[in-house]
Amino acid sequence: MSMAVVGMVAGMALGFAGYFGGFGAFLLVAALGAIGFVAGRFMEGDLDPGDFFRSRERGDRRR
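So, here is what we can say about the structure in this document. (Residues numbered from 1 in each chain as written. Predicted model: local features only at pLDDT ≥ 70, side-chain atom pairs only at ≥ 80, totals over all residues. Heavy atoms only, no water.)

## Some details on the overall build of the chain
So, point 1. A count of helices and strands for the chain gives two helices and zero strands.
So, point 2. Of all 63 residues assigned to the chain, the portion counted as buried reaches 2%.
So, point 3. Summed over all atoms, the accessible surface of the chain reaches about 5,700 Å², with 65% contributed by carbon and sulfur. (Helix = DSSP H or I, 4+ residues; strand = E, 2+ residues; numbered from the N terminus. Buried < 20%, exposed > 50% of the residue type's maximum accessible area, 1.4 Å probe, protein only. Areas by Shrake-Rupley, 256 points an atom, 1.4 Å probe, with all protein chains shown as cover.)

Written out as structure tokens, the structure reads:
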């Protein structure tokens, strides 16, 4: 499935949630979609859990 089709399906789901369930349902569907997206990226191996917890370093000093 192409990314355009995935984006269209996600947009339609958000649209239906917003129309039938109101703004709260829209936010819930958007949040769950984002969580599902990140979980899918983990399952495919595109992301590592350490990517979120690694500290940023500038030069030799830590802030």
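## Overview of the packing of aromatic side chains
So, point 1. Following the criterion strictly, the structure yields three aromatic pairs and no others.
So, point 2. Between Phe 23 and Phe 26 the ring centres are 6.0 Å apart and the planes differ by 25 degrees, which places this aromatic pair in the stacked class. Of this pair, Phe 23 and Phe 26 both sit in helix H1 (residues 3-44), three residues apart, roughly one helical turn.
So, point 3. Overall, Phe 26 belongs to the partly exposed group, its relative accessible area being 30%.
So, point 4. By way of ring pairs, the aromatic residues Phe 16, Tyr 19 and Phe 20 are connected into one cluster. (Phe/Tyr/Trp six-rings, centres within 6.5 Å; stacked < 30°, edge-to-face > 60°.)

## Overview of a nonpolar patch on the surface
So, point 1. The grouping of Met 1, Met 3, Val 5, Val 6, Met 8, Val 9, Met 12, Phe 16, Tyr 19 and Phe 20 at the surface amounts to a nonpolar patch, some 1,200 Å² of accessible area in total.
So, point 2. Structurally, Tyr 19 can be placed in helix H1.
So, point 3. Accessibility expressed as a relative area gives 68% for Tyr 19, which makes it exposed. (Patch = residues over 30% accessible without salt bridge, like charges linked within 9 Å, V, L, I, M, F, W, Y side chains within 5 Å. Salt bridge = Lys/Arg side-chain N within 4 Å of Asp/Glu carboxyl O.)

## Quick word on H1
So, point 1. The end-to-end C-alpha separation of H1 is 15 Å, well short of the 62 Å expected for 42 residues at 1.5 Å each.
So, point 2. Once H1 ends, the next one or two residues include Gly 45, with phi positive near 90 degrees. (Expected span 1.5 Å × (residues − 1).)

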